[in-house]
Amino acid sequence: MHDKNEAHWVSLMASIAQNQDHKAFAEVFRHFAPRVKAFLMKSGADSSLAEECMQDVMATLWHKSHMYDPTRAAVSTWIFTIARNRKIDLLRRYARPEPETLPWGPEEAPDQADAIVLQQETDRLAEAIRTLPEKQRILIERAYYGDLTHSEIAAETGLPLGTIKSRIRLALDRLRHNMS
Amino acid sequence: MNTIRHSIPDDLLMGYAAGALPQAFDLVVATHVSLSDDARARLESFEAIGGTILENMDTAEIEQDSLEQTLARIGAMDPVEKPKRSGGIFPTPLQRIVGGDLDSVTWKGLGMGAKHCVLQSGTEGTVRLLLIPAGQAMPKHSHRGMEMTLVLQGAFRDEDGLYARGDIEVADEDVDHAPVAEAGEDCICLVATDAKLRFNGILPRIAQPFLGI
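A. Structural detail: the overall build of chain B. Across its full length, chain B holds six helices and 11 strands. When contacts within chain B are restricted to residue pairs at least 6 apart in sequence, long-range pairs at least 24 apart make up 67% of them. Roughly 9,000 Å² of accessible area belongs to chain B as shown, and the carbon and sulfur atoms make up 50% of that amount.

B. Region of the structure containing the pairing of strand S7 (residues 161–164) of chain B. Residues and elements named next belong to chain B. Sheet analysis places strand S6 (residues 155–158) next to S7, joined by four bridges and oriented antiparallel. Paired with Asp158 across the bridge in S7 is Gly161. Linking S6 to S7, which pair antiparallel, is a turn of two residues.

C. Inspection of the sheet that holds S6 of chain B at higher detail. Pairing is antiparallel across the open sheet formed by three strands, whose spatial order is S7-S6-S9 (chain B). Every other strand in the sheet has two partners, leaving S7 and strand S9 (180–181) of chain B as the edge strands with one partner each.

D. Examining the packing of helix H4 (residues 75–91) of chain A against helix H3 (residues 37–55) of chain B more closely. At their nearest, the axes of H4 of chain A and H3 of chain B sit 7 Å apart, and the two run at 95° to each other. What the angle tells us is that H4 of chain A and H3 of chain B run roughly perpendicular. For the pair formed by H4 of chain A and H3 of chain B, the contact residues are Ser76, Thr77, Ile79, Phe80, Thr81 and Arg84 of chain A on the first element and Glu47, Ala48, Gly50, Gly51, Leu54 and Glu55 of chain B on the second. Class assignment of the residues belonging to the contact of H4 of chain A with H3 of chain B gives a composition of four nonpolar, five polar and three charged.

E. Structural detail: the interface of chain B and chain A. Counting residues at the interface gives 69 residues for chain B and 78 residues for chain A. Taken over both partners, the interface formed by chain B and chain A buries close to 6,700 Å², and the fraction arising from carbon and sulfur atoms is 64%. Seen at the junction of chain B and chain A, the total is six salt bridges. Across the salt bridge formed by Asp26 of chain B and Arg96 of chain A, the nearest N and O atoms sit 3.9 Å from each other. Between the two partners, chain B and chain A, sit 25 residue pairs in polar contact (both at pLDDT 80 or more). Ranked by residues supplied to the side of chain B that touches chain A, first place goes to H3 of chain B with 18 residues. The class makeup of the residues in the side of chain B that touches chain A is 35 nonpolar, 15 polar and 19 charged.

F. Here's a closer look at the confidence of the model for chain B. The predicted model of chain B averages 85 in pLDDT, with 86% of residues at 70 or higher. Reported confidence for the predicted complex is 0.93 by ipTM and 0.89 by pTM.

G. Summary view of the packing of helix H1 (residues 6–19) of chain A against helix H2 (residues 22–42) of chain A. Residues and elements named next belong to chain A. Between H1 and H2, the least distance of the axes is 8 Å, while the angle of their chain directions is 135°. Judged on the interaxial angle alone, H2 and H1 are oblique. Here the hand of the crossing between H1 and H2 comes out left-handed. On H2, the residues that touch His8, Trp9, Leu12, Ser15 and Ile16 of H1 are Ala24, Phe25, Glu27, Val28, His31 and Phe32.

H. Here's a closer look at the pattern of salt bridges. Residues and elements named next belong to chain A. The final tally for this structure, using the stated rule, is 21 salt bridges over all chains. Between Asp69 and Arg174 there is a salt bridge, with the nearest N and O atoms lying 3.7 Å from each other. On the criterion of sequence distance, the pair formed by Asp69 in the loop between helix H3 (47–64) and H4 and Arg174 in helix H8 (residues 161–179) is long-range, its members being 105 residues apart. Asp69 sits in the buried class, given a relative accessible area of 8%.

I. Representation of the sheet that holds strand S5 (residues 147–153) of chain B in the model. All names here are of chain B. Spatially, six strands are ordered S1-S2-S3-S10-S5-S8 in an open sheet, and the strand pairing comes out antiparallel. On the outer flanks of this sheet lie strand S1 (108–111) and strand S8 (168–171), each paired with one strand and no other. Averaged over neighbouring strand pairs, the angle between their axes works out to 25° when direction is ignored. Summarising the sheet, strand S3 (residues 125–132) and strand S10 (residues 187–193) pair through seven bridges and their orientation is antiparallel. Residue pairing for S10: Thr126 is matched across the bridge by Thr193.

J. Main features of the nonpolar core. Grouped together as the largest cluster of nonpolar side chains are 96 residues, with contacts concentrated most on Met58, Ile79 and Tyr144 of chain A together with Leu129 and Leu190 of chain B. Here the element with the most residues in this core is H2 of chain A; it accounts for 11 residues. Aside from chain neighbours lying at most four places away, what touches Tyr144 of chain A is Phe39, Phe80 and Lys87 of chain A together with Met14, Ala17, Ala18, Phe46, Ile49, Gly50 and Ile53 of chain B. With 11 residues, the next largest nonpolar core counts Met138, Tyr163, Ala181 and Val191 of chain B among its residues.

Each value, and the rule that gives it
- Residues numbered from 1 in each chain as written.
- Chains lettered and ligands numbered in written order.
- Predicted model: local features only at pLDDT ≥ 70, side-chain atom pairs only at ≥ 80, totals over all residues.
- Heavy atoms only, no water.
- Helix = DSSP H or I, 4+ residues; strand = E, 2+ residues; numbered from the N terminus.
- Contact = heavy atoms within 4.5 Å.
- Areas by Shrake-Rupley, 256 points an atom, 1.4 Å probe, with all protein chains shown as cover.
- Pairing = 2+ DSSP bridges.
- Axes fitted to C-alpha atoms, helices over the stretch in contact; angles between N-to-C directions.
- Parallel < 35°, antiparallel > 145°, perpendicular 65-115°, else oblique.
- Nonpolar A, V, L, I, M, F, W, Y, C, P; charged D, E, K, R; others polar.
- Buried area = accessible area lost by both parts, 1.4 Å probe.
- Salt bridge = Lys/Arg side-chain N within 4 Å of Asp/Glu carboxyl O.
- Polar contact = N/O pair within 3.5 Å; in protein donor to acceptor, adjacent residues only side chain to side chain.
- pLDDT = per-residue confidence, 0-100.
- Left-handed = near helix turned anticlockwise from the far one by under 90°.
- Buried < 20%, exposed > 50% of the residue type's maximum accessible area, 1.4 Å probe, protein only.
- Core = buried A, V, L, I, M, F, W, Y, C linked by side-chain atoms within 4.5 Å.

Okay, here's the thing in structure tokens:
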């Protein structure tokens, strides 16, 4: 599935943030740009709008690379959030309120061990999603393309809670650790 | 960070992660997540599902000079500053809409010392701030659809227990409850409904900062 592992994407992100590394960016772009575009098209954008929006997402990735924290999110997750917000911007014409950022960030060097634990958890989550019954997996995908309302999400996807339980615990441990 | 007793249901968090909530709820969820570790941990996990879906997408064909065009875009874009946290009672997403903290709110009297301020009102619902004097019952109102109430200051109590700063109550239209503000401090809540409130005298006002983001 992954031809490159998560640690590789994380190191490319660090190269972009620290060295404005065009080669690293080109590699991230080759992998993620076609996926972001596909995601936007599944969400209802036509090909040219999706291309435009995708380029914007990837340019934002460059400019926000210093804000990426590998102990909090996989690279794919982080790119997903940028793409989702841009999609709301463009398709719903609305700058959505986002939660407050937390008081720590990459200026304290991210803890390698924490980043590795998150990478392993991300692989586990990906595997868990892949092995869901097909019908449920497709409904969950549709929810993320914006095909379902929140009440349909509750009624129809069977909320994949078991799948993310350990991910939630991990995130909570880390939040508590940082706030204390 | 305070202890949250009443956190947001998973369907709403997943809807927020997917970008599928009505606008009125987005502000309440963003504000709640700013105050609750539990909600943030669950939101980040629902977003991780989005990341997995993105990773597993069948790829779309991109334009041949897509990378070059993107690099040109990068050159034309302003650098992004790390957002700063704003101190005060209102978390940052709410301060952006209000245009400041509690002292920037233009209240309208509702009688009996209760006050409110409509922040957004439109086809995707209504969001407003509500102030109930300490020790008083909330004014009666009815709503169609769902109502979300997030406590920002003080506390209220109803048959489901005590709701303090950061706690959220989600009620559908069948819920007929009688919340009462706790003594000691005025209770200030952020309230959203996905249908228009049946309330008189509301002058809808869409906060300007909202458009300027």
